[in-house]
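# Observations on the model geometry
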Amino acid sequence: MLEKGPIGLGNTGRNTTIVRSNYLLPQNHHFYEHSLKLWEGLEQDLNYNAMVSQRGVVGLFHSEGAKNAAVRRGNAMRLSGIDAELLDKEQIRAMCPLIDVDNGRFPVMGGLMQRRGGTARHDAVAWGFARAADQRGVDIIQHCEVTGIDVEGGAVVGVQTTRGPIKAKKIGLAVAGNTSRLAQMAGLDVPIESHVLQAFVSEGVKPLVDQVITFGAGHFYISQSDKGGLVFGGGLDGWNTYAQRGNLPVVEHVWSAGVAMMPSLSRLRGLRQWGGVMDMTFDGSHIIGKTPIQGLYMTAGWCYGGFKATPASGWCHAWTIAQDAPHTLNEAHTLDRFRTGRLLDERGNGPFPWMQ
Amino acid sequence: MIRIDCPWCGMRDEAEFTYRGDATVTRPGANAPEEAFHDFVYARQNPRGWHVEWWYHSSGCRQFLKVVRHTMTHEVRTVARATETPEVPSE
Amino acid sequence: MSQTFRLPAGGHVDRAQSLAFTFDGKPFTGHPGDTLASALLANGVRLVGRSFKLHRPRGIFSAGPEEPNALAEMREGARREPNTRMTQIELHDGLVAASQNRWPSLRWDLLSLNSLIAPVLSSGFYYKTFMWPASFWEKVYEPLIRRSAGLGRASGQNDPDFYETMHAHCDVLIIGAGPAGLAAARVAGASGQRVMLCEQDSLLGASLLGQDEAWRSATLAALAAMPNVTLLPRTNVFGAYDANVVGALERVSDHLVTPPPHTPRQRYWTIRAAKIIHATGAHERFIAFPDNDRPGVMLAGAAAVYVRRFGVKAGRRAMLFANNDAAYEDFFTLQDAGIGIAGIVDPRADSAGAEAARARGITVWADSQVIGTAGTLALQGASVARRGSSGTDTLVAADLLCVSGGINPAVQLASQSRTPVEWNERLQSWVPGTPILPQFAAGSVNAATGIAAAAADGARAGAAATGGDAGIPLPSGATGDATVLPFWEVSVKGKSFVDIQDDVTADDIRLAAREGYKHIEHAKRYTTHTMGTDKGKSGGLIGAAVLAAARGERVQDIGMPTFRPFTQPVTWGAIAGPHIGKHFEPTRLTALHNWHVRRGAEFMETGAWLRPGLYPAPTDANAWDTVLREARAVRRSVGICDVSTLGKIDVQGKDAATFLDRLYTNTFSTLPIGRARYGLMLREDGIMFDDGTTSRLAEDHFFVTTTTANAGPVMQHMEFYLQTVWPDLDVTLASVTDQWAAMSIAGPNTRSTIQKVVEGLDLSNEAFPFMAVGDATVKGCPVRVFRISFSGEMAYEIATPAGFAETVWQAVIDAGEEFRIEPYGLEALGLLRIEKGHVAGSELNGTTTVTDLGLGKMVKKRGDFVGRSLAQRPGLTDPGRPHLVGIRSVSRGEQIRAGSHLVETGTTLSLGWITGVTRAVELDGWIGLALLEGGEARKGTRMTATSPLHGETVEVEILSPHFVDPENARVRV
Amino acid sequence: MSVSEPHAAVAALLKPGAHGATGGQPVRLAVRDVDIVQLLARKGRAEDAAAAIKAAYGFDLPSPGRSAGGDALAALWVQPDGWFLIAPRGAEGALARAVKAAVGDAGSVIDQTHGRSVITLSGARATWVLAKECRVDLHPAAFGPGRVASTQIAHLACTIHQRDAAPTYDLIVFTTFAKSFMESLTHAAEETGYVVS
C-alpha cells in the first residue's frame, strides 16, 4: 500500500465521521448497508476502538414534497431490510429540543431517522485498519508518491514512485480527491471533478446534541464528538479545487443554516475550520470496479460519502481486484455508466458535479 | 474568497456568481455522434493547476465569463468574455 | 479587604470607579479597564478552573487570547456563553461569571479523581479499551466520557442578542496594533490610502501599554486625525482566505452587560485588502516541567502585563524560570512594582540578564531548572536543581512562578495566506517567510522584538506597502533580547504538560511516538495536543520539540500542524448575522399575497415563495373538506388560482424561434402569432428539465413560462446556451416573472364569468380557441389572456402587470359570484393535476425521461435540440424503466400515501413508487400517480402499495394516469 | 408620498416617522414611484439603439457601471447592451411604448415597472448602512454619483444607482422580494436610525 504522505491525513482525517446507510437507490443502500454492518463489528475485528457510536442519524424535512421523498427513501430502505423510521414534528421536538421546529423560515415537518446510523472516530478508523493490515503482512509504505503508472499492451505492469519503481500486475486506486490525476497517469480521463467540502468544529461543550442531524432547508448537518466539540458542515464551495481550504461564502451559509435550525447555537463558538477534497461524480454516486485498462481497478468518486463507505469500499475493491470482476454490491457502480446512461442519481441535480 | 474581475462590472466576490464548470469543452454540432455529446457533458481533465471555467455573473450583469483560475492557489489570472479565448499559463 | 493585590497606581484602570461582579456567586469588585482575569487576580483569586480531562486545578496562565485555563461561563440564562477566556473579558458592572468543568464546586471537584487514575488515562487510552462487550460503548462508556468532557455548558436557549455583518475594502489592512502595527498604520495612513487597523484587544498598543505611553498617545492622536484610517479595536482577524480577504470579528457590545438598543452584540467583518501587513505579535511559550500547570504558574510576560496595564500583582512572591533575557525585563517589572522576588532559574550557564538580575539583588540559579512545584489549589513553591544533576534540589517558596521559554511569533494568518514559514534560530521558532500574496510582516511576528525594533519594522512595512515615506517619530528604548537557549522540557519524571488545557504531557507525546504516531499530525490527533480552544499558541511548539527529540530529529525538521482558521474561536451567531430565523432566506410574495392573507389562506413554502395551500372556510370540518370544495368548484363551476409564481421569460429577436426550437423537444418556429404551445425542455444529459407553455406574441417575440421551481434555472440554462453555444443568434432574454401577476380561472363556468369583465377580446370558443392568446383589459387594467389549462377544465389564464393584480382578481371574483367561484390553492391544484395525470415536481425530479412520463410523442424527430443525443443512451431508453401510471385504491375509502412503493402482492421487491396522491372529486376515493417498472404492461392489474414506515399495505389498481377526460375534450369547449 | 399602483404595496411597507436609534445621524428611506423599462439592444444593433435614444431623449446611453440622463429620464447600464430606463410614473405602458417607438427593431423593450421596485436610501451614513450587506465597494474612491452596480444585498439581487454625493442611492430590487429586502434594509438602518417622510 503506497501513500504519498502519512496515512490518514487525506480525506480520512478531515471528514465529519458520520456512518449511515440511508440511501434511496437499492444499488446504493445495499452497498452502504453492507458497510454499516461491517462498522458494527469493526472494533472487534480490528481490536481497536474506533468509537463507532450508533446514536442515530436523522434528516429533517420541511415541505410536503420533501416529506414524500423521505417517505419514498425510508420505504425503499425498509423493503431492503434496512432500518428507517419516520418521525413527526413532535417526535423531532422531543428528540432534540434545540431544533426550532415551528418558528423558522422553513418550519420542520418531520424527519427520517436511521437509528443504526451514527459516528465513528475517523483517526482511529485509519489507525485501526493500518494496524490490522500490518498484522496481516501488508507493507504500508508512507511518503511514497506514485508518479507514473506503467501500462503495456493495455495492461498495467507497475508504478513509478518517488522511491523507485514497483512492478505489479494489479493496481487498485483508492485516492479520492486525486483520482483524476492518478487515472491520467494511465491515460484515463474519468468523469470526476475535485471539489472542496468544508467542515468545522466548535469549542467543547457539555452534551448537547445526541444524534447526527441534517437540516433540510439549507446545507447543514451536525453531531457532537465525545470530546464535546460540535462537528458540523454543509455543502461544497462549488468550484474545482485541489486545495484543502475553503472560503467564507460557504461558511456563512452553513453557520446561518445552523442557527436557523438550532437558534441556541448562536452563542457558541467555532474553533476550527478545514476542507477536504472530494471526488465529485456526475451523478453523485461512487465508482468501484474495473477500468478499461487490464489490471487497473479503482474505488473513487465518493462525493461526500467516503467515510461511511470505508469498510465496504475496501471490501468491494478487494473483491473486484481478487476476482477481476465486481461483486453484486458494486456491479452498478461502473466507470462506464455515464456512457450507457445507467446513472445512479439520488437527487436528480443533473450532470453538474458541483451541484451533486 | 475568490474575487473575479468581471470585464463588465469590475472586481466582485464569488458570492455574486454561479459556477458552471469546465469552459474548454464545446457543444458538438447537430450531427455529432453520441460519443461527442458524452464527452461534452462528462469527460473532464480536472487539472490540478490552471483551469478554464465558466462563472455566470448571476447577481451582476448576467454574463457567462471564462475564468482562468488555478485549482491549488485559487489565483484568478484572466477573466474573459464568453466568446473570447483566454490564454492559459503553461504552469 | 478587596483588591489586596492592586497596586496603588499605574495601568489603564480607573481606580476612581468600582465595578461589582460575581465569580462562582461570590461578589468582587474591580475597575473599568480590568479584565475578569486581572480583577480576579487583584482580589487574590488564584484557582479559576479545572482541566479538561484530569480535572486538575488551574489558575490564570496568561493575559490574552492564548489563555488555556481561565475559561468561564459568562453571563446567565439565555446569554450564558461557555469557554470564554477571562483574560479577554472586559470587566463591566454586574458581570456574572462562573468557573466550569467542575462538580459540585471548583474546590471540590469529584471528577478530579481522574487525576488519581491518570496513569491509565494516557493518550490513546480510549482507542485501546472500552471495546468489550461490544454493546457497552454506546450504553455505558461513551455517555460517561461525554459527560466528563466538554468544558462549559451551552445555554440551550435562543440568543436574545443579534449580530451583523459588514463588508469592507481597503488598500492596506494592518492586523495588530502593537508598536509595529501602529507605526505601519501611521506610515500607511500618511500616504492617503485607505488603511484599516484591526486589534483584537480593547486597547490599541499591546506592549506599549504601561511601557511607552507617550509614543502610543502621540501615534494614536496622529491616526485619529487621518480620515482615511479606520481603527477597529476589539476586532480579531480570525482567518485569512484567498485573494487577501480576511474575516474578522468585532466585539461591539461584549464589554457591556447587554447590548444597547439597536446595537448588535458582535459584528462579522469581511475585509478585502489590496495589501496586508501582519503585525500580529507573538505568544510567549512556557517550558514543560513537572506540575507546570499549578495555579500560580504564569507566563512571564503576562505577569508583567498585569503590573503594567492593570496595576495588579499576580502574586506576593515571584520567581522566574526563563531561558531568555526579554523575560528578565518583564520580571524586573514585578520587582519594581514591589512584588517579593524569590529568584530566577535559568537553564543558561550565564547571560546578560543574569548579570542585570544579580545587580538588582536577585538570586539567579544559572544552569538550573525547575523540577517540580508544590501546592495543589495554589502554588506554594518550586523545586530547583542544577541541570544534569540528579541529586539535591532546593524548594523555593513562591506563590507566583513566571515562565518563559521564548516567543512563538503569531504566524497563523500569514500561514493561512500560504506564506511558507521559516525557522528562526535566534527565537527558536517559526516566522513568516516570503509571502505569495501582497503581504508583509512586521514586528515580533517578523522577529523584530522589543518596542523600538518592532516599531521601526512596522514603519518599514508601512512604507513598503504604500510606497510611502517611513519617516515617522519612532519610540526609543532598549530592545528586549528574545534570543533563547533552545530549552523545551525539564527531563525529569513527572507530569510535564505541553498542552495545559487538554492535559497532554510530554510523556503522552513520547508514548504516541513509541506507538508509531510519529508524524506531527498523527501525534497531534493521537494525543489531542493543540486541539483545545487555545490551539496550542503557547505550548504547540513545545510538544513538537518533545516529539522531535523522541524521533531524534530537530524541531525545525518535523514541521508543525497546519495553522487552520480560526485564530480565536468565532461566535456562531456572528457569522450567521441577520440571516437566521424568518430571515434565513428571503421570502417571495406574489402581488396577490395580501388578498390571500385577508381571505384566510394557509400558506405553503414553494422554494422562496409563499403560496396559498388552501382557503379554509368555517364550514369545512377538516383540510380535505376545503381541498375537495375548492377542486369541486373547478370541476363543476369555476375556480380561480394565483399562478403568478410560474417563471416568465420574455424572448425576443430575429432568431427567437430558432433558439426555442433548439432548447425544446418540440418546435416553436411553426407556432402562429397569438397562439400558445406546451413545451418540454431537457437537460443536455437527456433528462427532463422543465415544462411550460410558450406563446408567440409577434414574429420575433415569445413569452415563455416555466415551472415555479425552475424559473431561475431555466433562465440560466437559456443564457448559457445563448451566450456560450450560440452567441451569434439574435435573441434577447428578460425575466418578467415579477412584472406579471397571473391567475388561472378554470371550470365550466369560466367563460361565463370572465366574459363579464374582460373587455376588448372575444372569448368565444370560435374566436378564441384552446391555446389562443390575446390582449384585453379588465376594469381598465391591461391584461393578457391565455386559453391554457392545467386542470383539464375549460380554463383561461389572465396575466396583468402586478400592480393591477388585486383589481383584476377581485373583478373576476365578483363576476364569478353568481357561479359561486372559489379561490383554490396548491392542494386543490395538486388534486386537479393528479386527476388529469399532469406531471409536476415529484415526477419532474431530475431523473425521469420524457418516455418515462408518457410524453414521448412531444419529441420532434428531426433537428437538434438540447438533450437529444444523450437521451438515446440505452440506460435512458430501457423499456424496463419506471413509467408513469395512475393508481387507485381497490377499497375506495382506503388511503394511499405518496412515497409508498409498489410491490407484487405478497413480495417486498419494490417495482416502483407513488409520486403523488389525492382524494379525487371526479371519482370515489383515493387516486395517485406512480412511476412503475413495466407500468404500461401492468395497467389493469392489481398491486400492493406498501409503506413499511407506516406499517400499511393497500391494494391498488394500476391505471392510465389520465383519470379525467382522457380525450381532453373539456378544455376545448 | 403619493405612489400609484405598481409601487403602492412596497411603499406601504415604510411607516412615516423616525425609527431605530436616536441621537445619531439617521439615514432616510423612501420608495420612488417610477416607470422602469428594460432596453436590450438586438444583436449587433447597440449603436442603432443608442442613436435612437440619443435622438429621442438627448443623451448617450451609459457605458458599463454608469448612468446617464436625469430625473426626467435616467438610463442605467445593467448588462452588456442592456439598460434600465427610469422616469417618473406616467400613464401605464406609455414609457415602454415611447421607447419602443424610438428604437424600433434595434432593441427589445420590456416594461418592468411593476416587476421592479426602487427604494431610496440617503444620508451621510447611507454607505455604512449598505455595507452591512453589500459586497461592492461604494467608497468615493471606487464609486460615486452616476455609478451603477448590480450585486447582491441580503441574498437578493439589487441594482444600486448612486444619484448624488449625499450620498443618495436608488436600490432597484425585484418586487416580489421587496418586502424581504425592506425588512433587511430597515433592520440594517436601525443602528443609525432611519427616517421615513
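The model shown is predicted, which means the values in this text are computed figures rather than measured ones.

When you go through chain C residue by residue, the secondary structure sums to 24 helices and 49 strands. Here chain C has a C-alpha radius of gyration of 38 Å; the compact-globule value for 973 residues is 30 Å, and the former is much larger. Reported as C-alpha extents along the three principal axes, the dimensions of chain C are approximately 115 × 70 × 55 Å. Restricting the contact set of chain C to residue pairs at least 6 apart, pairs at least 24 apart contribute 66%. About 32100 Å² of surface is accessible on chain C, with carbon and sulfur atoms providing 53% of the total. If the 95 positive side-chain charges of chain C are averaged to one point and the 101 negative ones to another, these points end up 3 Å apart.

Residue and element names in this part refer to chain C. Of all eight residues that make up strand E46 (residues 912-919), six are buried, and the element is covered over most of its length. Where strand E45 (residues 901-903) meets E46, two bridges bridge the pair, whose relative direction is antiparallel. Each bridged residue has a counterpart across the sheet, and for leucine 902 the counterpart in E46 is glycine 912. With seven bridges joining them, E46 and strand E47 (residues 926-933) adopt antiparallel strand pairing. Note that in E47 the partner of tryptophan 913 across the bridge is leucine 931. Adjacent in sequence and paired antiparallel, E46 and E47 are bridged by six residues, among which glycine 925 carries a positive phi angle near 75 degrees.

On to helix H7 (residues 306-323) of chain A, then. Residues and elements named next belong to chain A. Taken as a whole, H7 carries its principal kink of about 45 degrees at alanine 312. The set of residues buried in H7 consists of Phe307, Lys308, Ala309, Pro311, Ala312, Ser313, Cys316, His317 and Thr320. Tucked into the core, H7 has its buried residues touching strand E1 (18-19), helix H1 (26-46), helix H4 (122-135), strand E9 (171-173), strand E15 (287-290) and strand E16 (296-300). Where H7 terminates, the next one or two residues include aspartate 324, which has phi positive at roughly 55 degrees.

All names here are of chain D. An order of E4-E5-E6-E3-E7 is seen for the five strands of this open sheet, with the pairing classed as antiparallel. Each edge of the open sheet carries a strand with a single partner, namely strand E4 (67-69) and strand E7 (107-111). Pairs of neighbouring strands in the sheet enclose a mean axial angle of 25 degrees, with direction left out of account. As defined by bridge partners, strand E3 (residues 34-41) adjoins E7 across five bridges and the pair is classed as antiparallel. When the bridges of E7 are listed, leucine 39 appears paired with valine 109. Strand contacts of helix H3 (residues 94-103): E3, strand E6 (82-88) and E7, with the helix running at about 180 degrees to E7, the strand carrying the most contacts.

Take unusual backbone geometry next. Cis peptide bonds are those with omega within 30 degrees of zero, and the linkage from proline 565 of chain C to phenylalanine 566 of chain C qualifies with 15 degrees. Relative to the elements of secondary structure, phenylalanine 566 of chain C occurs in the loop between helix H14 (555-558) and strand E29 (570-571). Between alanine 166 of chain D and proline 167 of chain D the backbone carries a cis peptide bond, its omega angle lying at 0 degrees. Non-glycine residue histidine 74 of chain B carries a positive phi angle of around 70 degrees. Note on placement: histidine 74 of chain B falls in the loop between strand E5 (64-70) and strand E6 (76-81). Positive phi outside glycine occurs at arginine 820 of chain C, with the angle close to 55 degrees. Since its relative accessible area comes to 69%, arginine 820 of chain C is described here as exposed.

Quick look at the environment of alanine 325 of chain A now. Residues and elements named next belong to chain A. One can find alanine 325 in the loop between H7 and helix H8 (337-340). Alanine 325 gets classed as partly exposed once you look at its relative accessible area, which sits at 28%. Expressed as a C-alpha distance, the spacing of alanine 325 and proline 97, which sit 228 residues apart in the sequence, is 49 Å. Non-local contacts of alanine 325, meaning those with residues more than four positions away in its chain, are made with Lys290, Trp319 and Thr320.

The next subject is the packing of helix H18 (residues 656-663) of chain C against helix H19 (residues 711-725) of chain C. Residues and elements named next belong to chain C. Close contact between H18 and H19 brings their axes to 11 Å; oriented N to C, the two are set at 115 degrees. Considering the angle they form, H18 stands roughly perpendicular to H19. As H18 runs across H19, the sense of the crossing is right-handed. Contact residues: Phe659, Leu660 and Leu663 in H18; His717, Met718, Tyr721 and Leu722 in H19. Taken together, the residues of the contact of H18 with H19 break down into six nonpolar, one polar and no charged.

Attention shifts here to the sheet that holds E9 of chain A. Residues and elements named next belong to chain A. Strand order across the open sheet formed by three strands is E9-E16-E15, with mixed pairing between neighbours. Every other strand in the sheet has two partners, leaving E9 and E15 as the edge strands with one partner each. Adjacent strand axes in the sheet meet at a mean angle of 15 degrees, parallel and antiparallel pairs treated alike. Both E15 and E16 contribute to a ladder of four bridges, which runs antiparallel.

Let us now look at the nonpolar core. Leu36, Leu40, Leu334 and Leu401 of chain C are the most contacted members of the largest nonpolar core, which has 118 residues in total. For this core, the leading source of residues is helix H13 (residues 540-551) of chain C, giving seven residues. Ignoring anything within four residues of it in the chain, the contact list for leucine 36 of chain C reads Phe21, Ala72, Met86, Ile89, Leu91, Leu95 and Ala97 of chain C. Counting 50 residues, the second largest nonpolar core, distinct from the first, contains Cys96, Ile99 and Val209 of chain A together with Phe566 of chain C.

Conventions we followed
- Residues numbered from 1 in each chain as written.
- Chains lettered and ligands numbered in written order.
- Predicted model: local features only at pLDDT ≥ 70, side-chain atom pairs only at ≥ 80, totals over all residues.
- Heavy atoms only, no water.
- Helix = DSSP H or I, 4+ residues; strand = E, 2+ residues; numbered from the N terminus.
- Rg over C-alpha atoms; globule rule 2.2 N^0.38 Å.
- Contact = heavy atoms within 4.5 Å.
- Areas by Shrake-Rupley, 256 points an atom, 1.4 Å probe, with all protein chains shown as cover.
- Lys, Arg positive; Asp, Glu negative; His and termini not counted.
- Charge placed at Lys NZ, Arg CZ, Asp CG, Glu CD.
- Buried < 20%, exposed > 50% of the residue type's maximum accessible area, 1.4 Å probe, protein only.
- Pairing = 2+ DSSP bridges.
- Bend = angle between axes of the 7 residues up to and from the residue.
- Axes fitted to C-alpha atoms, helices over the stretch in contact; angles between N-to-C directions.
- Parallel < 35°, antiparallel > 145°, perpendicular 65-115°, else oblique.
- Left-handed = near helix turned anticlockwise from the far one by under 90°.
- Nonpolar A, V, L, I, M, F, W, Y, C, P; charged D, E, K, R; others polar.
- Core = buried A, V, L, I, M, F, W, Y, C linked by side-chain atoms within 4.5 Å.

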